[in-house]
Amino acid sequence: MLLNKKILLCVTGGIAVYKAVALVSKLAQSGAEVKVMMTESAKEFVTPLTFQAMSRNDVYFDTFDEKDSRVIAHIDLADWADLVVVAPATANVIGKLANGIADDMVTTTLLATTADVWIAPAMNVHMYENKAVIRNIDRLHADGYRFIEPSEGFLACGYVGKGRLEEPEKIVELITAHFTTPRHLPLAGKKVVITAGPTRERIDPVRYVSNFSSGKMGYAMAEAAEALGASTYLISGPVGLAKPAGVTVIDVESAAEMLEAVRAQFDDAAIVIKAAAVADYRPKDVHPQKMKKQAGDSAIELERTTDILKTLGTMKTHQVLVGFAAETNDAVDYGKGKLASKNLDYIIVNDVTDPDAGFGKDTNVVTLLSKNGTHQPFHAMPKKELANVLLAAIMKEESEQLHDR
Ligand code: CTP
């Protein structure tokens, strides 16, 4: 859930600085991008090099040391952050922030950011109970700052009481919960359109041509997109699955109906995922009445349906277009061909002969190919889990693309 979240950690001077090192490590392991800023006194406890190694980013502490002449570092970092965490926060930094004082890099950045700021105090129990500190914390609460309360226990100064920096695991839990509030979810405000299931191409009022697609993969993708905060539209062929909560489901029957439904949702979509197994052919003539059996053999003449995905590939402006390909041999090679010929951004290929893959199964084994030439194979896993993993991989590659541009 912290994937690609930009977290600015402001470290101020107290013995708990060592815990901030573990915090950076855990945030990075959860997928967040972490940048660290330190006060001069924090540097007395742990060197910037430690934080640089843990965060794999430059560490900032001097307002006047501009590493990039094109930007003003403290403003740039203040704007960059999705969330600012002050941990450990000393009585001093709390006092300065409560009074609008900005006399070093941390405090100037804290005044400049419009991101949410979480403050995790750590200090001696008597300092924490001091009336001035309580007043400053109350003021900051009223100003909209969030606090991660210190825990009780042995303090470095020898006292037992409230003042220990909350454990890094707990801070990561709280930060994760913060980002799972609806407005912070990674796909919040984005429209995701997914197609799923088979299509049915009518022969007469009681018969049709179709395939064995269960719709499970597409439904799992829709659930995953919805859980990530997207406004999700699921255009579904006939399947026997429950409608995923929160998702707008548009039921269709034939390839022609699916084409119209997808077109209608396409313009303002951010991501379009075509997991449906669309019929490539339909009966040329649909008999208005039930066909009666005749002596001897019979044949149905078929005509091609429109390739929906290929059509979308020609209409694409900003949309990220994702296709699926079910193959029985040379899956990756065929996948690469379809990626190019249909003008896709990604294709998810699966070899349906694999015992853990294919129609009706609850698991799948796929490889994600991108137009940038990346190639990510995924081992067999439940379709619901795979849907999350695939969306995360696509979002990661997309954000790296944006970053590189
Ligand atoms: N697709 C589509 N419209 C069609 C056929 C396929 O949108 N009329 C989409 C599917 O939803 C899927 C992808 O295209 O995302 C699969 O492409 P493709 O492999 O070309 O479909 P197949 O019918 O399996 O093609 P082939 O028989 O050539 O392997």
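As the structure is a prediction and not an experimental result, all values here were calculated from the model.

S.K.: Got a sec to walk through the side chain of threonine 199? Specific residues and values, please.
M.R.: For threonine 199, the location among the structural elements is in the loop between β9 (191-196) and β10 (201-204). Within the local environment of threonine 199, its side chain forms a polar contact with the side chain of glutamate 201, the two groups lying 2.8 Å apart. Leaving out residues up to four positions away in the same chain, threonine 199 has contacts with Val209, Ser210, Asn211, Glu253, Ser254, Ala255, Met258, Ala277, Val278 and Ala279.

S.K.: Before we move on, could you go through the sheet that holds strand β14 (residues 271-274) and cite the residues and values that matter?
M.R.: Pairing within the open sheet is mixed, and its eight strands lie in the order β13-β12-β9-β14-β17-β18-β19-β20. Strands with a single pairing partner mark the edges of an open sheet, and in this sheet they are β13 (248-251) and β20 (375-382). Between one strand axis and the next, the sheet turns by 20° as a mean value, whatever way the strands run. Alignment of β9 against β14, held across four bridges, turns out to be parallel. Across the sheet, valine 193 pairs through a bridge with valine 272, a residue of β14. In this fold helix α11 (residues 308-315) packs onto β14 and β17 (320-327), with an angle of close to 155° to the strand it touches most, β17. Contacts from helix α12 (residues 331-341) reach β17, β18 (346-351), β19 (363-370) and β20, with the element oriented near 155° to β18.

S.K.: Provide a residue-level description of the domain arrangement of the chain, including the pertinent values.
M.R.: Domain boundaries assigned for the chain yield domain 1 (6-180) and domain 2 (191-284 + 299-403). Using C-alpha coordinates to define each centre, domain 1 is positioned 44 Å away from domain 2.

S.K.: Tell me about the site of the ligand, and please be specific about residues and values.
M.R.: Every one of the 14 residues lining the ligand counts as a neighbour, but Lys274, Ala276, Asp280, Lys338 and Lys342 are closest to it. Backbone polar atom of threonine 306 to a nitrogen atom of the ligand: 3.0 Å apart, as the coordinates give it. Lysine 342 places a polar side-chain atom, nitrogen or oxygen, 2.8 Å from an oxygen atom of the ligand. In isolation the ligand has 580 Å² of accessible area, and contact with the protein removes 75% of it. Among the secondary structure elements, those contributing two or more residues to the shell around the ligand are α11 and β17. Considering only residue class, the shell around the ligand consists of six nonpolar, three polar and five charged.

S.K.: Talk me through unusual backbone geometry; I want residue IDs and the actual numbers.
M.R.: In the segment running from alanine 87 into proline 88, the intervening peptide bond is cis, with an omega of -10°. Mapped onto the elements of the fold, proline 88 is located in strand β4 (residues 83-89). If you check the backbone angles, arginine 56 has positive phi at about 55° while not being a glycine. Residue position: arginine 56 is located in the loop between α2 (48-55) and β3 (59-60). Phi at asparagine 343 takes a positive value of approximately 55°, unusual for a residue other than glycine. Tracing the sequence through the fold places asparagine 343 in the loop between α12 and β18.

S.K.: Tell me about the environment of alanine 277, residues and numbers included.
M.R.: Along the chain, alanine 277 turns up in the loop between β14 and β15 (281-283). Taking the C-alpha atoms as reference, alanine 277 lies 9.1 Å from serine 210; in sequence the two are 67 residues apart.

S.K.: So what's going on with the pattern of salt bridges? Which residues, and what values?
M.R.: Inspection of the entire model under this criterion finds 24 salt bridges. Put simply, arginine 70 and aspartate 68 hold a salt bridge, and the shortest N to O gap is 3.0 Å. Residues lysine 170 and glutamate 173 are paired through a salt bridge, measuring 3.7 Å at the closest nitrogen-oxygen approach. In this pair, lysine 170 and glutamate 173 are both assigned in helix α8 (residues 168-179), three residues apart and thus about one turn of the helix distant. What makes lysine 170 partly exposed here is its relative accessible area of 34%. Here the salt bridges do not stand alone but share partners, grouping Lys19, Arg164 and Glu167 into one network.

S.K.: Tell me what's going on with helix α3 (residues 73-80), and back it up with residues and numbers.
M.R.: Every buried residue belonging to α3 is among Ala73, His74, Leu77, Ala78 and Trp80, and all of these are buried. Seen from one end, α3 has its buried residues packed into an arc of 165°, which puts them on one side.

S.K.: So what about the side chain of serine 236? Which residues, and what values?
M.R.: The topology assignment puts serine 236 in strand β12 (residues 231-236). For serine 236, the contacting residues outside a window of four places in its chain are Ala196, Tyr219, Val249, Ile250, Asp251 and Val252.

S.K.: How would you summarise the packing of helix α10 (residues 255-266) against α11 if you had to cite specific residues and measurements?
M.R.: The interhelical angle for the contact between α10 and α11, taken along N-to-C directions, is 25°, at an axis separation of 10 Å. The angle between α10 and α11 falls in the class roughly parallel. When you trace α10 past α11, the crossing you get is right-handed. For the pair α10 and α11, the contacting residues are Ala255, Met258, Leu259, Val262, Arg263 and Phe266 in the first and Ile308, Thr311, Leu312 and Met315 in the second. Here the contact of α10 with α11 is built from residues that sort into eight nonpolar, one polar and one charged.

S.K.: Describe the environment of glutamate 253, with residues and values.
M.R.: Here glutamate 253 lies in the loop between β13 and α10. Considered as a pair, glutamate 253 and asparagine 4 are 249 residues apart in the sequence and their alpha carbons are 38 Å apart. Sequence-distant contacts of glutamate 253, that is, excluding residues within four places in its chain, are made with Thr199, Arg200, Arg202 and Pro238. Of note is the side chain of glutamate 253, whose polar atom sits 2.6 Å from the side chain of arginine 202.

How each quantity is defined
Residues numbered from 1 in each chain as written. Predicted model: local features only at pLDDT ≥ 70, side-chain atom pairs only at ≥ 80, totals over all residues. Heavy atoms only, no water. Helix = DSSP H or I, 4+ residues; strand = E, 2+ residues; numbered from the N terminus. Polar contact = N/O pair within 3.5 Å; in protein donor to acceptor, adjacent residues only side chain to side chain. Contact = heavy atoms within 4.5 Å. Pairing = 2+ DSSP bridges. Axes fitted to C-alpha atoms, helices over the stretch in contact; angles between N-to-C directions. Domains from an automatic or database assignment. Near = heavy atom within 4 Å. Areas by Shrake-Rupley, 256 points an atom, 1.4 Å probe, with all protein chains shown as cover. Nonpolar A, V, L, I, M, F, W, Y, C, P; charged D, E, K, R; others polar. Salt bridge = Lys/Arg side-chain N within 4 Å of Asp/Glu carboxyl O. Buried < 20%, exposed > 50% of the residue type's maximum accessible area, 1.4 Å probe, protein only. Arc of directions from axis to C-beta. Parallel < 35°, antiparallel > 145°, perpendicular 65-115°, else oblique. Left-handed = near helix turned anticlockwise from the far one by under 90°.

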